[in-house]
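Survey of secondary and tertiary structure
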Amino acid sequence: MTGKLWGGAFDKPTHAEVEKFTASIGVDGRLWAADILGSQAHARMLGKVGVLTADESAKIVAGLEAVRADITSGKAVFSPDAEDVHSEIERLLTERLGALAGKLHTARSRNDQVATATRLYLRGEAQSLGGDLRALQTLLADTAEKHVETILPGLTHTQHAQPVSLAHHLLAYFWMFERDVARLVSCVERVNVLPLGSAALAGTSFPLDRKMVAKDLGFASVTENSLDAVSDRDFVVEFLSDCAQVMTHLSRLSEELILWSAPEFGFVQLDDSVTTGSSIMPQKKNPDVAELIRGKVGRVNGALVGVLTTLKALPLSYNRDLQEDKTFLFEGLDTTRASVRLMSLMLSNASFKTERMAKAVEGDFSNATDLADYLVRKGLPFRQAHEVVGRAVRYCLERKLALEALTVAQLKELSPLFEADALAAIQPLAVLHARTSEGGTAPVRVKEQLAAARGALTRA
Ligand code: ARG
């Protein structure tokens, strides 16, 4: 005997280095509540099918409840020498119930136990991450609502392209996060399947009622194959891939806030509470939070690749390699959640410099397409219109003029098709209002978009 759950056949104690190397309590300790829930459902079911007596089952369920209370109150602390969270909960239960605690592990293995606890835990965390994303989306929609007519230069290649509204710009991110939420919801469908009852790898000879356990724990169904159930972590891969996508979206928004807060743009001022100073340059207010969100993409991508690499070429069924999944899962989850929340915090008190945005559109030729479109409406083929307006731009550049500052006479020199209304058509606000195609930046369209966004927020 070695004092281990599995010590019966062992003559020698485990080497101290091996204990350290194989232990996972430092990582999987946070699964404790999920582990207890899973064990209680298992015990209830064993009682119902008669593997345990009703009395034994009730005592184990109550004992686990007491262990939960002890952990919550801090009365029970995990031993640093524990192997993993599962053995540690069983140890705490044994302290209370003595030998009876040993009946809980009937028809169960840590292999199906850990898969169950991980799925239970992840189900809740994925839903709560979805909630954090919903809060960020709400903030984006609320902010957009105030800026349907706020004009700023829309960019392609980081060059001024055509004016857009700040609302339109912010809502672009709303839809990215909308797809991220949908991906998480879909991921949870595959997470929400019960592996318990698969035992070590092959199932068990005891007459289990797996559907009862699934119902008890809120799982939608039970796994179809015990070998698959104890050995795949594709749901962790999928979740981390969803996190990586969230982080990629956040990094784009971060990058824009970083650029916009640079004096060359001056489109946004981040609040003192979310910026940090420099130890040498007294004038500095740095967008470190945005930079760190951008930087932390590496951690989440690393976690995704880490778990994929851990799973690669693993033979069926359970292998201890799988214990590594949780390090990656928690790293990806924690980083993504913190990043979403910090992005909300940063946006909630950012002040958008709308005059500066409007100024940036003046004389920037981002209305050139509209001048060409004007000629097209007069019957000129677009290619020729493009050419005419190209000459107009050169004319302005040579004279340091804004396109919208040309006189009708000057325009007529470039093409006899121009009339006085051409100038009205290329004022920034007119340009914005003109983009009325579905999904365009015109305020009437953006208001529809906002209504659609609000509708999406009311759905799960
Ligand atoms: N701590 C392990 C894990 O997270 C579960 C233990 C399974 N151990 C075993 N020898 N089968 O994967």
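Residues numbered from 1 in each chain as written. Predicted model: local features only at pLDDT ≥ 70, side-chain atom pairs only at ≥ 80, totals over all residues. Heavy atoms only, no water.

The biggest cluster of nonpolar side chains holds 91 residues, and the ones touching the most others in it are F239, L250, M343 and M346. The greatest single-element share of this core, amounting to 14 residues, is contributed by helix 10 (residues 234–261). Judged by nonpolar contacts, the second largest core, of 22 residues, contains F365, A422, L423 and I426. (Core = buried A, V, L, I, M, F, W, Y, C linked by side-chain atoms within 4.5 Å. Buried < 20%, exposed > 50% of the residue type's maximum accessible area, 1.4 Å probe, protein only. Helix = DSSP H or I, 4+ residues; strand = E, 2+ residues; numbered from the N terminus.)

The linkage connecting L316 with the following residue, S317, adopts the cis geometry, with an omega of 0°. Note that S317 resides in the loop between helix 11 (288–311) and helix 12 (325–348). Its identity is not glycine, yet T158 carries a phi of approximately 60°, on the positive side. With respect to the secondary-structure elements, T158 resides in the loop between strand 1 (151–156) and strand 2 (159–165). Classification of T158 as exposed rests on a relative accessible area of 53%. Even without glycine at this site, A199 takes up a positive phi of about 55°.

The next thing to look at is the packing of helix 3 (residues 32–49) against helix 4 (residues 54–73). Axis separation between helix 3 and helix 4 bottoms out at 8 Å; the angle between their running directions is 170°. Relative to helix 4, the element helix 3 is oriented roughly antiparallel. Residues W32, A33, I36, L37, S39, Q40, A43, R44 and G47 of helix 3 pack against S57, I60, V61, L64, E65, V67, R68, I71 and T72 of helix 4. Among the residues making up the contact of helix 3 with helix 4, the classes are represented as 10 nonpolar, 5 polar and 3 charged. (Axes fitted to C-alpha atoms, helices over the stretch in contact; angles between N-to-C directions. Parallel < 35°, antiparallel > 145°, perpendicular 65-115°, else oblique. Contact = heavy atoms within 4.5 Å. Nonpolar A, V, L, I, M, F, W, Y, C, P; charged D, E, K, R; others polar.)

On to the packing of aromatic side chains. Using the criterion set out here, one finds 6 aromatic pairs in the structure. These aromatic residues form a ring-pair network of at least three members: W260, F265 and F267. Positioned above the aromatic ring of F219, the side-chain terminus of R123 is 5.1 Å from the ring centre. Directly above the ring of Y395 sits R399, whose terminal nitrogen or CZ lies 3.7 Å from the centroid. (Phe/Tyr/Trp six-rings, centres within 6.5 Å; stacked < 30°, edge-to-face > 60°. Lys NZ or Arg CZ within 6 Å of the ring centre and 35° of its normal.)

With that settled, the discussion passes to helix 3. The terminal C-alpha atoms of helix 3, which comprises 18 residues, lie 26 Å apart, in line with the 26 Å expected from a rise of 1.5 Å per residue. Of all 18 residues making up helix 3, 13 are buried, and the element is well covered by its neighbours. Positioned one or two residues after helix 3, G50 has a phi angle of 90°, which is positive. (Expected span 1.5 Å × (residues − 1).)

Another aspect to go through is helix 15 (residues 382–399). In this model, helix 15 (18 residues) spans 26 Å end to end at C-alpha, consistent with the 26 Å of a helix rising 1.5 Å per residue. Those residues of helix 15 that are buried are in contact with helix 14 (368–377) and helix 16 (408–414). Directly beyond the C-terminal end of helix 15, a positive phi value near 55° is found at K400.

Here the focus is a nonpolar patch on the surface. Nonpolar side chains collect at one region of the surface, where L5, W6 and F10 lie side by side and expose about 280 Å² of accessible area between them. Residue position: W6 is located in the segment before helix 1 (16–22). The class for W6 is partly exposed, based on a relative accessible area of 30%. (Patch = residues over 30% accessible without salt bridge, like charges linked within 9 Å, V, L, I, M, F, W, Y side chains within 5 Å. Areas by Shrake-Rupley, 256 points an atom, 1.4 Å probe, with all protein chains shown as cover. Salt bridge = Lys/Arg side-chain N within 4 Å of Asp/Glu carboxyl O.)

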